[in-house]
Amino acid sequence: MAVIEMESLTKFYKKDFSKKKVCALNSLSLKINEGEVFGFLGPNGAGKSTTIKILIDLIRPTSGKVTIGGKKTSDMTVKRMIGYLPENPYFYDHLSAKELLKFGGRSCNMDSEAIKERSRELLEELDLTAAMKRPLRSYSKGMVQRAGLALSLIHNPGILIFDEPMSGLDPMGRIKVFNLILKLKEEGKTIFFSSHILHDIERLCDRAAILINGNLNRLVDVKKDLGRGDTLEKVFMEEVKKTGGIRE
Amino acid sequence: MRGILSLAYITFIEGIRSRALFGIFIMALLMFAVTVTLTNLFMRDIVKVAADLSLATISFSGLLMVIFIGNSLLSKDIDKRTIYMVISRPLSRTQYIWGKFAGIVMLVIAAVVFLGLISSLPVYFAGLTYENPEAIFKWTIYFSAIALIAMKLALIASVTIFFSSFTSTSFISLMLTIATYIIGASTETVKGFLDSRAGGVDISPLMGFVIKCVYYLFPNLATFDIKLQASHGLLLPEGYFIWALVYWFFYAGILVSAASLIMERREFP
C-alpha cells in the first residue's frame, strides 16, 4: 500500500527581481509503499530537496498533488506520522539536546515520562548521552546531525524523510547513521531519503529514483535491476549521459 | 495550546541564555550605579531624578533587548533555517508565530521584573539620603510606569514579529522595527504640535492628513511612557491603565494575527 503519493508534482521558482521562472521539478509522479526504503538521488539542483520540502509543507507545488497516508501534507495528523531531518540541520544555539527532544516530544503531545524514556533511548543509541546537557552550538557537525535524527525519531513516527542524512559526516558518523537507518528498516518504517552516496543507497534501499534537472529519469528496483555487474553508479552515470548534461 | 507553550518556552530559554542579554543587563546595572552617583549631584528632587533615570534605563535596556534579541529570535529562525525543524513538527504556522511572540513577551516580562526590582534600589536610597517633605513620590505609580514599559516593549515585539514574517533577512526587519519605534515614539508630539498650531505655523492640509494617517497607523508608544508622572508622583487619569491595556491588546493582536496570515502563505525554499 502506498503511503506517500506524488502526482504530477511541478514546482517553479521565481528568479530574484525578474519575471523569469525556473522549473525545479517537472511533473514528478511517485508512490512510496509502506515499509519501503526509498532512495532519492540526483546531482545538485536536480529537485531532490524541493520534493522533500513539498512533502514537509515548507513549500507548495505550483501544480500537482501530494498526499501522505491519503491526507494533505499540511494536515497535523500527517505531521505526527512524519520524522524529518533537513539537510545541514541548524538548531537553537543555547538549547541542549535534552531540551530539544523535550520540545519535539511536547509538540507531538507526548507525556513527560514518555519523552524522558524515549530521549534516554535515542541519546544512548546515537552516542549523545554524555553531551545531552551541553548547548547545541558546542556540537560537532556529526553530533548536530545525530541530534537532528533523534529529534525526528522522538515521537516514533512511521514515515521518515531525511534530506542528505550523511552529508558532511566523518566515516564514524556515517557508519552510525547508516546503522540507524538499517535498524529503522528492520523495524518496518517507511524511509524516504536523498543522498549523493550511491553505495549507501544501493545497500539500504529497496527502490531508488534518479532525478535529473527536475525530471524523474529512472526508477531502479535495487534487487531486480542491479547485480550482474550493474551498479547504481553505472546506472546513474548512464542516465546523466542520456540527459545530455546537468543544468547548473 | 501545548504546542504554542512549548515553543514559547524554548524561545524564552534561547533568549534568556543569549550573551547579548548579559551585556544589556551589565550595561543596565552600570547605569543604575551611575544613577546613585549622579543623583547626589542634585540638591533638590533627588528621588524625582533617580526615578526618572531608573525608568529611562529600564526602557532603554528593554528596547535594546527587544530590538536585537527579540528580532533575532524570529528572524534567525528564517535566516538559519531553524524554522524547518519547527514547522515540520505538528505545529501550524499560526501556532509558530504566537509561540514566538509569547516567548518574547515572557522574556520581556522577566527582564523588566528583574530590572524593575533592581531599579527600585537607587530610588529607595535616594529617598533615604535626602529627605524632602515636599516631594511627592508614589511607588504604585513608579511600578505602574514599569508595567507600562513592559507593555511598550511587548508591543515593539509584535512589530518585530510582523516585519520578520515577510522580510527575507533579519537586518531588514531590524531596520523596519527601529524606524517604527522612532515614528511611534514621536507621533504624539507631532500630532500635538499639529493640533495646537504652536508658534502660528501653518501646516498644509495634505501634510496634516499625512501626519494623522501616520499617527493612527503606527503604534502610539507615548501612551506607555509615564516617566513624568512617575517621577513627580502624579496620579494617572482614571481608567488610563485599562485603556492602555485595551490599546495594547488591539494593536499587538492585529500585528501578530497579520504576521500569522502572512506566515501561512509564505514558502521556505
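Here the structure is shown first, and the text comes after it.
Considering the sheet that holds strand β2 (residues 21–33) of chain A
Two pairing modes exist for strands in a sheet, parallel and antiparallel, and in both the strands are linked by backbone hydrogen bonds.
Residue and element names in this part refer to chain A.
Here is step 1 of the chain: If you trace the 4 strands from one edge of the open sheet to the other, you get β2-β1-β4-β5, paired in antiparallel fashion. One side of each edge strand has no neighbouring strand; the edge strands of this open sheet are β2 and β5 (71–72).
Here is step 2 of the chain: Across the sheet, helix α1 (residues 48–56) touches β1 (2–14), β2 and β4 (63–68), and the angle it forms with β1 is around 115°.

Some remarks on the nonpolar core
Here is step 1 of the chain: Among the nonpolar cores identified, the biggest contains 151 residues, and Ile4(A), Met6(A), Tyr139(A), Ile161(A), Phe162(A), Phe192(A) and Met65(B) are the most heavily contacted of them.
Here is step 2 of the chain: Ranked by residue count, the leading element in this core is helix α6 (residues 139–164) of chain B, at 17 residues.
Here is step 3 of the chain: Discounting residues that sit within four places of it in the chain, Tyr139(A) has contacts with Ala97(A), Leu128(A), Ala131(A), Met132(A), Arg134(A), Val144(A) and Ala147(A).

Regarding the packing of helix α3 (residues 46–79) of chain B against helix α7 (residues 170–196) of chain B
Residue and element names in this part refer to chain B.
Here is step 1 of the chain: The N-to-C vectors of α3 and α7 enclose an angle of 150°; their axes lie 9 Å apart at closest approach. In terms of their interaxial angle, α3 and α7 are classed as roughly antiparallel. Seen from above, α3 lies across α7 with right-handed handedness. Across the interface between the two elements, Leu63, Ile67, Phe68, Asn71, Ser75 and Asp79 from α3 touch Ser170, Ser173, Leu174, Thr177, Ile178 and Tyr181 from α7.
Here is step 2 of the chain: For the contact of α3 with α7, the residue count by class is 6 nonpolar, 5 polar and 1 charged.

Describing the sheet that holds strand β9 (residues 207–212) of chain A
Residues and elements named next belong to chain A.
Here is step 1 of the chain: The strand order across the open sheet built from 6 strands is β6-β7-β8-β3-β9-β10, with neighbouring strands paired in mixed fashion. In the strand order of this sheet, the two ends are held by β6 (82–85) and β10 (215–221), each with one partner. Going from strand to strand, the sheet's axes swing by 15° on average, the running direction of each strand aside.

Considering the environment of Val190(B)
Here is step 1 of the chain: Mapped onto the elements, Val190(B) comes out in helix α7.
Here is step 2 of the chain: Between the alpha carbons of Val190(B) and Ala258(B) there is a distance of 27 Å; along the sequence they are 68 residues apart.

Description of the interface of chain A and chain B
Here is step 1 of the chain: The interface of chain A with chain B comprises 34 residues on the first partner and 30 residues on the second.
Here is step 2 of the chain: Of the roughly 3,200 Å² buried between chain A and chain B, counting both surfaces, carbon and sulfur atoms make up 56%.
Here is step 3 of the chain: For chain A, the biggest contributors to the area lost against chain B are Tyr92(A), His94(A) and Phe103(A); these three give 25% of the whole.
Here is step 4 of the chain: Inspection of the region where chain A meets chain B yields 3 salt bridges.
Here is step 5 of the chain: The element best represented in the side of chain A that touches chain B is helix α3 (residues 97–107) of chain A, accounting for 6 residues.

Remarks on helix α1 (residues 2–16) of chain B
The α-helix winds at 3.6 residues per turn, so residues separated by three or four positions along the chain end up facing the same way.
Residues and elements named next belong to chain B.
Here is step 1 of the chain: The end-to-end C-alpha distance of α1 is 21 Å, a good match for the 21 Å that 15 residues give at a rise of 1.5 Å each.
Here is step 2 of the chain: The element α1 is extensively covered by neighbouring structure, given that 11 of its 15 residues are classed as buried.
Here is step 3 of the chain: Among all positions of α1, only Gly3, Ile4, Ser6, Leu7, Ala8, Ile10, Thr11, Phe12, Ile13, Glu14 and Gly15 are buried.

What counts, and where the lines are drawn
The residue count restarts for each chain, going from 1 along the sequence in the order it is written. Key to labels: chains lettered from A, ligands numbered from 1, both in the order written. The predicted nature of this model means local features are confined to residues of pLDDT at least 70 and side-chain atom pairs, given and counted, to a pLDDT of 80 or more, with totals for whole chains, interfaces and linings taken over all residues. No hydrogens and no water enter the side-chain calculation; it runs on all heavy atoms of the structure. At least two DSSP bridges between two strands are needed for those strands to be called paired. Going along the chain from the N terminus, every DSSP run of H or I of four or more residues is numbered as a helix, and every run of E of two or more is numbered as a strand. Every residue pair with non-hydrogen atoms within 4.5 Å of one another is taken to be in contact. Axis definition: a line fitted to C-alpha atoms, limited for helices to the stretch in contact. Angles are taken between N-to-C directions and run from 0 to 180 degrees. The nonpolar core is taken to be a set of buried Ala, Val, Leu, Ile, Met, Phe, Trp, Tyr and Cys residues, with the residues joined through side-chain atoms within 4.5 Å. We call a residue buried when its accessible area falls under 20% of the maximum for its residue type, exposed when it is over 50%, and partly exposed in between, using a 1.4 Å probe and counting protein chains only. In this scheme, roughly parallel covers angles under 35 degrees and roughly antiparallel covers those over 145, while 65 to 115 is roughly perpendicular and the rest are oblique. Handedness of a crossing is defined here by the sense of rotation of the near helix relative to the far one, left-handed for an anticlockwise turn of less than a right angle and right-handed for a clockwise turn. Note on residue categories: nonpolar means Ala, Val, Leu, Ile, Met, Phe, Trp, Tyr, Cys or Pro, charged means Asp, Glu, Lys or Arg, and polar means any other residue, Gly included. Accessible-area loss on putting two parts together, using a 1.4 Å probe and summing over both, is the definition of buried area adopted here. Basic side-chain nitrogens of Lys or Arg form a salt bridge, by our definition, when they fall within 4 Å of a carboxyl oxygen of Asp or Glu. Given the number of residues in a helix, its expected span is that number minus one, multiplied by 1.5 Å.

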